[in-house]
Amino acid sequence: MITFGSYLLAGFAALLAVPTAVLFFEVLAASFLPKREVTICAQLDQRRRIAVLIPAHNESIGLQPTLADVKSQLRAGDRLLVVADNCTDETAAVAASSGVEITVRNDPTKIGKGYALDWGLNYLAADAPEIVIMIDADCRVESGAIDRLAMVCAKMQRPVQSLYMMTAPAGSSVNYQVAEFAWRVKNCVRPLGLSAMALPCQLVGSGMAFPWDIIRSAELSGGCIVEDLKLGLELAFAGHAPIFCPSAIVTSTFPDSDKGAKTQRQRWEHGHVGLILTTAPALLYAATKRRNLNLLALALDLVVPPLSLLVLILTATIVGAGVATLVGISKSAFMISAPCLMIVIATTILAWLRYGRDILPFRSWALIASYFAEKLHLYGAALAGQRVSRWIRADRN
């Protein structure tokens, strides 16, 4: 017996096949296709003049190492600007003591990284650089990353995203092994797959480089809780799709408290899911209408939800479809969703075999159950209306 409900369930299962396929092909490409990266022929002394822009909100404790990393890679004529944004600590004093440019912004009615970046760009405009590189205030910048980002950006005249990785802080009581692996899949494996297919990547946060004219044309002064992801999509819509530069490495640490970790995950995942629901349909339509492959690739990449959420949704769909099959309604949804879940699991195992065994050894797989339990609680809270709607800084010591 076929009913409207069975059609609806089968349609939902078919929709889930889209992010499943995207994830599968991205990981497959990263695992088996030759790696691609922009070849730079120019000599280092021909690098364009840059400005490194660091938005900082109450970052007095961790700011100094970031400034030291960046300063060691600057050249004559380069600028390093810290935006002390709505700070209640000594962030401005720490930046000043390091001898870098600093500007202070105080507007508690407009909280968010986007507002700070817009303020910083306005400050730089009087003596505009050719390239702007944005680094978060709690990051470490590996040697050579600034040069690499600047030269790739100058050659391609497109936004460039570094390899931005997160690691567990020393002495943290939170076990981040599964989270580190999930982050590596999202920020390393999937962008590598897109790059191997000659496709653009998302902007994911710290370590982003932009030609001045392109970033000045963007709208940054907003309170989106995943402002970097949104910026990359908007630039791609305008014809400036970002490219991946895995040889430029920027790292940060997860919060060292359960509360900070929860806040960070809520902001990232609620924001990502919000963009899927509000932005992805329009992007897919625009990409199809324009026949724009770069925009289509980013729109399809966007619809892949966090890995744990995809698994949970597929599992719930299989349960619902199984019940529908048992009562004789229709087995179509089950025939679609069950293979999708198997593909997601197999894809995750492939990503682990190729890229994750060093951070998530086989003996640590037992942690996956508790990780999913935490995520189930997070998504349950979102369904109950406890959503993050504004930017909140994750606590760090």
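The structure we're discussing is the one just above.
The structure contained in this document is the topic of the report that follows. Quantities reported herein were computed from a predicted structural model and do not represent experimental measurements. (Residues numbered from 1 in each chain as written. Predicted model: local features only at pLDDT ≥ 70, side-chain atom pairs only at ≥ 80, totals over all residues. Heavy atoms only, no water.)

## Digging into the packing of aromatic side chains
Piece 1. For the coordinates displayed, the defined rule picks out 7 aromatic pairs.
Piece 2. Taken together, a centroid distance of 5.2 Å and an interplanar angle of 70° make the contact between Phe 24 and Phe 25 edge-to-face.
Piece 3. By relative accessible area, Phe 24 is classed as partly exposed at 31%.
Piece 4. Exposure remark for Phe 25: the relative accessible area of 48% places this residue in the partly exposed category.
Piece 5. Geometrically, the ring pair formed by Tyr 176 and Phe 254 is stacked, given 4.5 Å between the ring centres and 10° between the ring planes. Here Phe 254 lies in the loop between β8 (243–253) and α9 (258–278) and Tyr 176 lies in the loop between β6 (160–167) and α6 (177–196), a separation of 78 residues in the sequence. Pair check on accessibility: Tyr 176 and Phe 254 agree, each one buried.
Piece 6. Through successive ring pairs, a cluster of aromatic residues spans Tyr 164, Tyr 176, Trp 183 and Phe 254. (Phe/Tyr/Trp six-rings, centres within 6.5 Å; stacked < 30°, edge-to-face > 60°. Buried < 20%, exposed > 50% of the residue type's maximum accessible area, 1.4 Å probe, protein only. Helix = DSSP H or I, 4+ residues; strand = E, 2+ residues; numbered from the N terminus.)

## Considerations on the nonpolar core
Nonpolar side chains tend to gather and get buried jointly when the protein is soluble and globular.
Piece 1. In terms of nonpolar packing, the biggest core is built from 72 residues, with Val 52, Ile 54, Leu 63, Val 82, Ile 133, Ile 135 and Val 160 touching the most fellow members.
Piece 2. Of all hydrophobic cores here, the second largest spans 20 residues; its members include Ala 51, Ile 215, Leu 231 and Leu 235. (Core = buried A, V, L, I, M, F, W, Y, C linked by side-chain atoms within 4.5 Å.)

## Let's talk about the packing of α6 against helix α13 (residues 332–356)
When two helices pack together, their arrangement is given by the angle between the helix axes and by the axis-to-axis distance.
Piece 1. In the contact formed by α6 and α13, the axes pass within 11 Å of each other and the chain directions differ by 85°. By the angle between their axes, α6 is roughly perpendicular relative to α13. Across the interface between the two elements, Phe 181, Arg 184, Val 185, Val 189 and Leu 192 from α6 touch Thr 348, Ala 351, Trp 352, Tyr 355 and Gly 356 from α13.
Piece 2. Among the residues making up the contact of α6 with α13, the classes are represented as 7 nonpolar, 2 polar and 1 charged. (Axes fitted to C-alpha atoms, helices over the stretch in contact; angles between N-to-C directions. Parallel < 35°, antiparallel > 145°, perpendicular 65-115°, else oblique. Contact = heavy atoms within 4.5 Å. Nonpolar A, V, L, I, M, F, W, Y, C, P; charged D, E, K, R; others polar.)

## Section: the pairing of strand β3 (residues 101–105)
Piece 1. Judged from the 5 bridges that link them, strand β2 (residues 79–85) and β3 form a sheet pairing that is parallel. Residue pairing in the sheet places Val 82 in a bridge with Ile 102 of β3.
Piece 2. Read as a crossover between parallel neighbours, the route from β2 over helix α3 (residues 91–97) to β3 is right-handed. (Pairing = 2+ DSSP bridges. Right-handed = clockwise from strand over helix to strand, strands pointing away.)

## Quick notes on helix α11 (residues 293–302)
Piece 1. By the burial criterion, the buried members of α11 are Leu 295, Ala 297, Leu 298, Ala 299, Asp 301 and Leu 302.
Piece 2. The backbone nitrogen of Asn 294 lies 3.1 Å from a side-chain oxygen of the residue at the head of α11, namely Asn 292. (Polar contact = N/O pair within 3.5 Å; in protein donor to acceptor, adjacent residues only side chain to side chain.)

## Comments concerning unusual backbone geometry
Piece 1. Of note in this structure, Asn 58 is not a glycine but carries a positive phi near 55°.
Piece 2. Despite not being glycine, Gln 157 shows a phi value in the positive range, around 55°.
Piece 3. Relative to the assigned elements, Gln 157 resides in the loop between α5 (145–156) and β6.

## Points about helix α4 (residues 113–124)
Piece 1. Here α4 is 12 residues long and its end C-alpha atoms lie 17 Å apart, about the 16 Å a rise of 1.5 Å per residue gives.
Piece 2. Within the span of α4, buried status applies to Lys 113, Gly 114, Tyr 115, Ala 116, Leu 117, Gly 120, Leu 121 and Leu 124. (Expected span 1.5 Å × (residues − 1).)

## What about the pattern of salt bridges?
Piece 1. Following the criterion strictly, the structure yields 15 salt bridges and no others.
Piece 2. The partner of Glu 37 in a salt bridge is Arg 148, with the nearest N and O atoms 3.6 Å apart. Pair noted here: Glu 37 is in the loop between α1 (4–32) and β1 (50–56) and Arg 148 is in helix α5, with a separation of 111 residues, a long-range link.
Piece 3. Overall, the relative accessible area of 19% leaves Arg 148 in the buried class.
Piece 4. When the shortest N-O distance is used, the salt bridge between Arg 140 and Asp 69 registers 2.6 Å. You can see Arg 140 sitting in strand β5 (residues 140–141) and its partner Asp 69 sitting in helix α2 (residues 63–71), a full 71 residues away along the chain.
Piece 5. Look at Arg 140 and you get partly exposed, because its relative accessible area is 43%. (Salt bridge = Lys/Arg side-chain N within 4 Å of Asp/Glu carboxyl O.)

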